[in-house]
Amino acid sequence: MMTDKSNMVDITLNKDVLVVGAGSVGLETASKIASQGYKVSVIGQKTACARQSGCTDEMLNSGTVNIMQDVVLEDVAGVTGDFRVTLAKGEEKMKAVFGAVVVAPNYSYASLNGAYGLALSDRVMSQSQFEAFMDSDGLKKVAADSGSDADDVENVIVAFLTGFGQEGDPVSTGRALKSALAVQKTSGCKAYIYTGNIKVGAKGLERIFTEGRHAGVVCFKPSVMPEIEQNSDSVKISITDPVVRSTIELEPDYVVVEEALVVGQDNLDTATLLRIDTDLDGLLPSNNVHRFPVRSNRDGIFVASNSVDAANVALRIAELIGDGIKNVSADQAKVDEERCVICLTCYRSCPHGAIFWENGAAAISPAACQGCGICASECPMDAIQLGDFTDESLRKSVKDAVVSVEGSPSIVAFCCKNSALEAGEAAARFGHNMPAGFKMVKVPCAGKVDVEFIMKAFVEGADGVMVAACHEGNCKAERGNTYAKWRVNEIQKRLENMGLGKDCLCFTTIASNMAGEFAAKVNAFADKLA
Amino acid sequence: MNSKTPKVMVVGGGIAGLTAAWELSRQNIPVELVEKSCFLGGHSIGFTCKATDSCRQCGACSVEEMLKNVVEEPLINVHLRTEITSLEKGEGFKATLVKSDIGLEAGQVVRGFSQYNKPLYVVAGDAAQLPPETEVAETGNLDSLGTEGDIAVDAVIVATGYTPFDPNLKSTYGYGKWPNLITGLDLENIIRDRGALLRPSDGSKPSKVAFIQCVGSRDERLGNLWCSEVCCPYAMRMAGTIKHDNPDADISMFYIDIQNTGKEFPVFYEKIKEDIRFVRTIPVDIYPLENDRLELRHMVEDEGKPSSEEYDLVVLSVGIMPGKDTTAISGITGIPVNNDGFLDSPASDSGCFVAGTAGGPASIAATMADAGKTAFEAMKYLGVMK
C-alpha cells in the first residue's frame, strides 16, 4: 500500500501560549511571543519588571501578556496545539487550553563556602553577598575607615575563591573577575583570585581579566584547592606556587566564595509534569543537538534560559502555531482500534508524548506525532501503521533490496533517514566505492526496524544485514537508536542459537555528514562477510 | 514598511547566514542569500562528526541539515560566487552585487563538502580537463556562477564569519615547514579527504599527538584579547575521537585554561581526562626530528625548567579572528567595528544586522541560536510582527 498523499487534514491549534516562570527571561519571552500576535499567560513568582523585560503597556493593559502572580502548574494533559492545563492559586483551581508551553526556569545560586571548609561571616561572603557589599560602597567605607584609602597603600585585601568548589563556567568566572577589578579600583584595596581554570569563553571576559591584571589583581592557579584555615576573626589561605616553588600564604580581610547554579525542585517538578527530559546536570532541556537551542523532547514545549533563547522560542512558536491551522497527514501513524488492547506500550514508548486515549483505544495526535515509528515497532499487537512506512511497503522494500551480484555479498542496510541514509547517499554522490550488492532501505528512524524485517532480509537471501542509526544522544526520537540496538542484540543471540553466527548482522551508528566513514564501515562489513 | 512582503538580504552563506535565511523563510519572508565562495556552508560544513560511541554535541551534522533546508527552500534565492560592493539606503536598500574573484586557475576543480551543494564541483575554464573521479553531471563551470547587478531589499543581515588565525605569525612553531605540524582545520580536511586521521608525511596513523591551544587567541602581544571559545571543545572532542579509533594513542593537550564545551561540561571533562594528558603550559618552539616527528619544547610547570617531548603529529588550535572582509563590510554597511576588530551591534533602526562569528567567536550551536535571534530582530524591524 502506498501512502495516500492526498489524505491531509487541517487541524486547529490553540493560539494561546503559557509561559511557566515570571523571571526576566520568562517575561522577555512572553513579550516576544506577544509581539507576534499571540496571547500569553505567564505564571510563577514574578521576580523582574515586566516593562524592563520588554512587555509594552499595550500588551499588559490589553491582557495580551497576562501575568498570573503566584499561580502554579498543577497538571498538563493533551498534546501540542491542545495542551489542557490545570493551574492552581492556593486552593483555587483553573482550567485552560494552550497551543504551546514555554518553561523559563528560575534557577537560583547557592554559595559553595562549604566546599572550601568555610563558614559565611562578616568577612567570608558569597559572590552575591559581596556584589551587594560593593554596590552599597561597603568596601569603600572600610578602606576609608582603615585609613588606607591613600593611593599607595593597599591595606584591605580581598581574596576570591573560584573553580575548586565546582568546575565553573564563564558566568561564575565573569562575576569574580568583575568584582576583583572593582576591588582593585577601590583606593587602598587589593584583589587576589585563586582559581582552577579561568573561564573566559564568553564575550569581553578576556579583556576584563587582562584589565584586572594590569590594574594589579593577582591571579593564582594552583593545581589543587588551596589550604584554608578559618579562625574566629581571620582566614589564612596557603598555596604552593609551582613557579617560585614556595608556599604563599595570605590573610585576606575578605574572602569571596563562588556560587553554584541550583536547579531547584520547582523546575524539576515542572519538567516532570510536562514530561520533558533534563540534562545530566538537571538543567532543562536534555542535551540533543537537533533540538538546540530551545526545543524539548516534546513538540510544542520549549525552554528559554536566556535572552537569545527568548527570541528563538518566539520563532518556534510562530512556526508551530502560525495562524492556528496546520495541514498534517492524517495517517502519519494510525492505531487499528480493533487490534488495540490498551496495553500502554505505545504510550510509554512514544518519545514525543503524542499518544493519548480515546474511545477505549490508543489514539495518536497527528499534530504531535513525528512519524518515528517506535510505537509501531513496539506494539505487541501490530496495531499501529505509519502512512509512509507501512509494514507491507517495508517488506517490499526489503525484498527489493536483496540483489544478487556476482562477486559481492548482498547487504541490506536499514538506514535512518536522518543520518545513515544521508551519509549513504552522499557516499554514492561523492564517488566512494561501495560493494555492488549493498542496498539501503529507508526507515523514518532506526526505532522502526522490526525484528521481522531483519529476519525477512535473511529469508530473502541477504548475506548480511546492517542497521544504521544515529549516534547515541543524537536520535531525533531520543531512543529510536537504543530500541534498534536492543533488537539487533536480541536477533544476534537467536542467530547464534540457530548456529548461524552473529556476524552476518551488525548495528552501527553514523552522522549524516560522514559519507567517507559510512563507506568505510560498509566495506569493512562486506569484507567480514566475504 | 509598505504592504508588499519585505525581502531580506543575507550576506554570507556559512552556518550563521544559512540559519538566519531559513528562519526568515519560516515566516514567509523571501531572502537573497549572497555567498562569496562557490559553495554554501562556510567553515563549518567542512567539520567532521566528533561522536565516539555517543554524540558529543559538536553540531557539525546540524550544519548539513541546515544547508539541506536552505537549498530546498524556494523562498531563499542563493547567489554563489557573489559579493556585495555597495549598499544604498533609501526607502529600503539597493545592494550592488558583483561576481567575486575565486582565484581558480584554468582546469582547477574545487569541491563542496555537502551533497546538497549545487553544483558539487566547480571547475574553472574547460570542463574537458576534469580529473577522472569528478562527476561531470555534478560539475558547474565557474563562469556560470555569480550575480551582477542591483537588488532591492528591505533589511540586510551580515553573516560574513571569521578568518582562522594565520599560524605563520607564530614563527617559532614553523608552520608550513614541517609536514606533520597542522592546524585543526587542516586536520578536518585530512579526515574529509582520506576518511581517517593520517599523517601528512607518510599516511601513517599517528600514535602520539599534541594539541597546542590558544594559537592566536588570548595573546596580548598580538593584541588579541579574546578567547576563541571553540578551540578547547574542538581539541577535547577531537582527542576523544582519535582515542576512540585508536585506544593506544597518546594524546597531550597544552593549554592555559580549559574552556567549557556547553551543556553537561563537568561530566564530559571528567570523562575526557581519562583520554588526554593535560599540560598547563604553552610550548615555546617546535623542531623537526627523524621520520618527520616533531620535538616540542615547553616549561614544566611544577619543576620550573624546560623539557622537550617528541610527537608524531602536532595540531595547532588556531583561534577565531575577525573576518578578512570585516573592514570592507563595515564600510559598505556602516556597521561599526569593535575593539577586537569584529563587527559591533549596529544601531537598531539602521536596518542592518549582524549574525554569527562576524560579531565574535561562537560555536556552531551558539551561532545558530544567535542567527535565530538576529532573524527575529530583523522581522521586528520590518514590522512583520505586531
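Everything numeric here is computed off the predicted structure, so don't read it as measured data.

## Considerations on the overall build of chain B
Scanning chain B from N- to C-terminus turns up seven helices and 21 strands. On C-alpha atoms alone, chain B measures out to a radius of gyration of 22 Å, which is about the 21 Å that the 2.2 N^0.38 rule sets for 386 residues. Along the first, second and third principal axes, the C-alpha set of chain B runs to 70 × 50 × 40 Å. Restricting the contact set of chain B to residue pairs at least 6 apart, pairs at least 24 apart contribute 64%. For chain B, the computed accessible surface area is about 15400 Å², with 48% contributed by carbon and sulfur atoms. Taken together, the 36 basic and 53 acidic charged side chains of chain B have centroids lying 3 Å from each other.

## What to know about the packing of aromatic side chains
Enumeration according to the criterion identifies 15 aromatic pairs over all chains in this entry. A centroid spacing of 6.2 Å and a plane angle of 10° characterise the contact between Tyr192(A) and Phe220(A), whose relative ring orientation is stacked. One end of the pair, Tyr192(A), is in strand 12 (residues 189-195); the other, Phe220(A), is in strand 13 (residues 218-220), and 28 residues separate them in sequence. Comparing Tyr192(A) with Phe220(A) shows no difference in burial state: the two are buried. Considering the side-chain rings of Trp226(B) and Phe342(B), the 5.2 Å spacing of their centres and the 80° angle between planes classify their relative orientation as edge-to-face. Separated by 116 residues along the polypeptide, Trp226(B) in the loop between strand 13 (208-215) and helix 4 (231-245) and Phe342(B) in the loop between helix 6 (326-333) and strand 21 (352-354) bring together distant segments of the chain. The pair formed by Trp226(B) and Phe342(B) is uniform in burial state, with each residue classed as buried. Ring-pair connections join several aromatic residues into one group, and the members of that group are Tyr255(B), Phe265(B), Phe268(B), Tyr269(B) and Phe278(B). If you follow Arg213(A) out to its NZ or CZ, it ends over the ring of Phe209(A), 4.7 Å from the centre. Over the ring of Tyr269(B) we find Lys273(B); its NZ or CZ atom is 4.3 Å from the centre of that ring.

## A look at the nonpolar core
Counting 72 residues, the largest nonpolar core has Ile33(A), Ile317(A), Leu24(B), Leu33(B) and Ile157(B) as its most contacted members. Within the second largest apolar cluster, 44 residues are counted, among which are Cys369(A), Ile454(A), Val488(A) and Leu505(A).

## Observations concerning the pairing of strand 17 (residues 294-300) of chain B
In regular strands, side chains alternate between the two faces of the sheet. All names here are of chain B. As defined by bridge partners, strand 16 (residues 285-288) adjoins strand 17 across four bridges and the pair is classed as antiparallel. Within the sheet, the bridge partner assigned to Tyr 287 lies in strand 17 and is Glu 295. In sequence, strand 16 turns back onto strand 17 through a hairpin of five residues, with Asn 291 there showing a positive phi of about 55°. Remark: four residues form the turn of the hairpin made by strand 17 and strand 18 (residues 305-311), two consecutive strands paired antiparallel; Gly 304 in that turn has positive phi of roughly 65°.

## Some details on the pairing of strand 1 (residues 8-11) of chain B
Residue and element names in this part refer to chain B. Neither face of strand 1 is open: one carries Val 8 and Val 10, the other Met 9 and Val 11, and all of them are buried. In this sheet, strand 2 (residues 31-34) lies alongside strand 1 in parallel orientation, the contact comprising four bridges. Among the inter-strand pairings, Val 10 is bridged to a residue of strand 2, identified as Leu 33. The parallel pair strand 1 and strand 2 is bridged by helix 1 (residues 15-26), and the resulting crossover is right-handed.

## Here's the deal with the packing of helix 11 (residues 391-401) of chain A against helix 13 (residues 451-459) of chain A
Residues and elements named next belong to chain A. At a minimum axis separation of 9 Å, helix 11 and helix 13 run at an interaxial angle of 30°. Between helix 11 and helix 13, the angle falls in the class roughly parallel. The interaxial crossing formed by helix 11 with helix 13 has right-handed handedness. Contacts from Asp 391, Leu 394, Arg 395 and Val 398 of helix 11 reach helix 13 at Glu 452, Phe 453, Lys 456 and Ala 457.

## Things to note about the confidence of the model for chain B
With 96% of its residues at a pLDDT of 70 or more, chain B has an overall mean of 94. For this predicted complex, the interface confidence score (ipTM) comes to 0.95, while the overall pTM stands at 0.96.

## Brief notes about the side chain of Asp391(A)
Residue and element names in this part refer to chain A. Residue position: Asp 391 is located in helix 11. Overall, the relative accessible area of 7% leaves Asp 391 in the buried class. Beyond its immediate chain neighbours, meaning those up to four positions away, Asp 391 contacts Gln 385, Lys 448, Asp 450 and Phe 453.

## Brief notes about the sheet that holds strand 10 (residues 124-126) of chain A
Residue and element names in this part refer to chain A. Here five strands make up an open sheet; going across it, the order is 10-17-11-12-13 and the pairing parallel. Two strands close off the open sheet at either side, each with one partner strand: strand 10 and strand 13. Neighbour-to-neighbour, the strand axes of this sheet turn through a mean angle of 20°, independent of strand direction. Sitting on the sheet, helix 3 (residues 127-135) touches strand 10, strand 11 (156-162) and strand 17 (254-257), and the angle it makes with strand 10 is about 100°.

Reading guide: rules and limits
- Residues numbered from 1 in each chain as written.
- Chains lettered and ligands numbered in written order.
- Predicted model: local features only at pLDDT ≥ 70, side-chain atom pairs only at ≥ 80, totals over all residues.
- Heavy atoms only, no water.
- Helix = DSSP H or I, 4+ residues; strand = E, 2+ residues; numbered from the N terminus.
- Rg over C-alpha atoms; globule rule 2.2 N^0.38 Å.
- Contact = heavy atoms within 4.5 Å.
- Areas by Shrake-Rupley, 256 points an atom, 1.4 Å probe, with all protein chains shown as cover.
- Lys, Arg positive; Asp, Glu negative; His and termini not counted.
- Charge placed at Lys NZ, Arg CZ, Asp CG, Glu CD.
- Phe/Tyr/Trp six-rings, centres within 6.5 Å; stacked < 30°, edge-to-face > 60°.
- Buried < 20%, exposed > 50% of the residue type's maximum accessible area, 1.4 Å probe, protein only.
- Lys NZ or Arg CZ within 6 Å of the ring centre and 35° of its normal.
- Core = buried A, V, L, I, M, F, W, Y, C linked by side-chain atoms within 4.5 Å.
- Pairing = 2+ DSSP bridges.
- Right-handed = clockwise from strand over helix to strand, strands pointing away.
- Axes fitted to C-alpha atoms, helices over the stretch in contact; angles between N-to-C directions.
- Parallel < 35°, antiparallel > 145°, perpendicular 65-115°, else oblique.
- Left-handed = near helix turned anticlockwise from the far one by under 90°.
- pLDDT = per-residue confidence, 0-100.

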